[in-house]
Amino acid sequence: MKRDTVSPPPDAGSQIDEEDLIYTEDVIEVIDPAEFDDEDVMKTDLEKDDASCVFTGHKSGSVFCGSLSKDGKFAVTGGEEDKAYVWDTTSGEIILNCTGHKDSIIFAEFNCDEIYLATGDMSGVIQLWNLKDKSSIWEYNMGDATWMKWHMAANVLIAGSVDGEVYMWKVPEGDCKVLQGYGHRAEAGVILPDGKRLAVGYEDGTIRVFDLKTNTMLSSVPANIGHTATITALDCHLNNNLILSAAVDGKTILSTSQTGKIVSILQDLNSEQETNMKDSDSNWVETVAFCKDPGFQVAAAGALNGEIFIWDISKKVLRYKIEQESGISKVAWKGATSLLFSGGLDGILRCFDARSGQCLQLFVGHSEDILDLDISEEGKIVLTTSDDSTARIFNIANLF
């Protein structure tokens, strides 16, 4: 989990009344941010690079994942060449070369107190590194993996598997628990802000919520009741109850962690395409994120066709639909602000003000798809990784 998550305020659960949530397709405003013409940017600024640091340590292949230390001084990135690197975000100097993996690195992240670093590859090999002496101190092979996360407040690693099981390790001791699989890939997972529960989305569209202490399933949204296809993204609201989910079926759904009740089907992109007689190519939301400002009740979703949706969660309506020229791999909020960053499949990082829907700035430099992005806890820099074999640091200190 990214470390810009903040603790929920004591009254966060009272800010949204579940009984008031309804199915809706109302749209408040649809905009196309005109002050930035993406096509003109690509034509005139092909040689421009807004990055303050370009990391070229990955010699070949895509750089799939990356994360920043809390102070933004160090980054870790992992990629297709089966290696991860810890490096200085100012100079690009390599601090630690993480070797020993047998497949593409899909996870590389510092733990909550930044004593350890965990790296994981697609084959399920996970390594734990001691950052003080730069040594590998623990290793586990779980079999083919789909995702991995650090607990936000404990030395606990959690990972989903192709077989459907979810593994939890207390490190560096290596104590292991396994959440039962159900015959479908565990495609996505999110630790709830209370740190006590985990929501998991599966290949068949099912969402299940587990108690991390007892390993018991607390609630579920069954397949065909909510989603009917592979879950692509999950996030949980600060109130610890609302779960936002997206899937290959084109639906974006709000449900509750406590009961599994579907409280709002925000949209069905594939149904909307048929209704509007658009081309028949499937479209779905690839990334979702609740805003972490308790006074600004919105969530963002980014789709493969380049649309960003800003949802008003309290009213269950679409506040803005923002259209950009390329698909979106990830959206992330800058701390507890209204600033939303999107990683584009055209290699452009964009910053939007979700209160107005306007694009504030474009950050160019990558020549191929952006695959991952992370914003430092103090909100001064953004790390991006790309298909172009590089990672970049962009300065966002001037954006408020």
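Residues numbered from 1 in each chain as written. Predicted model: local features only at pLDDT ≥ 70, side-chain atom pairs only at ≥ 80, totals over all residues. Heavy atoms only, no water.

As named in an unreviewed UniProt entry, the protein is Angio-associated migratory cell protein, taken from Odynerus spinipes. Of the comments in the UniProt record for the protein, the one headed Subcellular location (unreviewed entry) reads "Cytoplasm". Under the UniProt heading Function (unreviewed entry), the note attached to the protein is "Plays a role in angiogenesis and cell migration. In smooth muscle cell migration, may act through the RhoA pathway." (UniProt positions renumbered as here; feature names shortened; annotations may be inferred.)

Trainee: Explain the pairing of strand E24 (residues 298-303) residue by residue, including any values.
Mentor: Buried residues dominate E24, accounting for 6 of its 6 residues. The alternating pattern of E24 places Val298, Ala300 and Gly302 and Ala299, Ala301 and Ala303 on opposite faces, both of which are buried. Judged from the 5 bridges that link them, strand E23 (residues 285-290) and E24 form a sheet pairing that is antiparallel. Along E24, the bridge assignment pairs Val288 with Ala301. Note that E24 and strand E25 (residues 307-312) share 5 bridges and pair antiparallel. Along E25, the bridge assignment pairs Ala301 with Phe309. Here E24 folds back onto E25, and the loop between the two strands holds 3 residues, one of which, Gly306, carries a positive phi near 100 degrees. (Buried < 20%, exposed > 50% of the residue type's maximum accessible area, 1.4 Å probe, protein only. Helix = DSSP H or I, 4+ residues; strand = E, 2+ residues; numbered from the N terminus. Pairing = 2+ DSSP bridges.)

Trainee: Describe in detail unusual backbone geometry, supporting the description with residues and values.
Mentor: Note the cis peptide between Val171 and Pro172, where omega equals 5 degrees. With respect to the helices, strands and loops of the structure, Pro172 is situated in the loop between strand E13 (166-170) and strand E14 (175-179). One non-glycine residue with positive phi stands out, namely Asn215, at about 70 degrees. Tracing the chain through its elements places Asn215 in the loop between strand E17 (207-211) and strand E18 (217-221). What makes Asn215 partly exposed here is its relative accessible area of 24%.

Trainee: I'd like a description of the nonpolar core, backed by residues and values.
Mentor: Counting residues in hydrophobic clusters, the biggest one holds 19 residues, and the most contacted among them are Ile308, Ile310, Trp333 and Leu340. Of all the elements in the fold, those that place two or more residues in this core are E24, E25, strand E26 (317-323), strand E27 (328-333) and strand E30 (358-363). Per-element accounting of this core gives the leading share, 3 residues, to E27. Setting aside its immediate chain neighbours within four residues, Leu340 contacts Ala300, Ile308, Ile310, Val331, Ala332, Trp333, Arg350, Cys351 and Phe352. Within the second largest apolar cluster, 18 residues are counted, among which are Leu244, Val288, Trp311 and Leu318. (Core = buried A, V, L, I, M, F, W, Y, C linked by side-chain atoms within 4.5 Å. Contact = heavy atoms within 4.5 Å.)

Trainee: Could you give an account of the pairing of strand E22 (residues 262-268), naming the residues involved and the relevant values?
Mentor: Counting buried residues in E22 gives 5 out of 7 residues, a clear majority hidden from the surface. Taken together, the 5 bridges between strand E21 (residues 251-256) and E22 define a ladder with antiparallel strand orientation. Within E22, the residue paired with Leu254 across the bridge is Ser264. In textbook terms, the turn of a hairpin is the stretch between consecutive antiparallel strands, and for E21 and E22 this stretch comprises 5 residues, one of which, Gly260, has a positive phi near 80 degrees.

Trainee: Describe the sheet that holds strand E31 (residues 370-375), and please don't skip the residues or the numbers.
Mentor: With antiparallel pairing, the 4 strands of this open sheet are ordered in space as E2-E33-E32-E31. For this open sheet the edge positions go to strand E2 (53-55) and E31, each flanked by a neighbour on one side alone. Averaged over all neighbouring strand pairs, the angle between strand axes comes to 20 degrees, with direction disregarded. For E31 and strand E32 (residues 381-386), the ladder comprises 5 bridges, and the chain directions are antiparallel. Counted as the bridge partner of Ile370 is Ser386 from E32. (Axes fitted to C-alpha atoms, helices over the stretch in contact; angles between N-to-C directions.)

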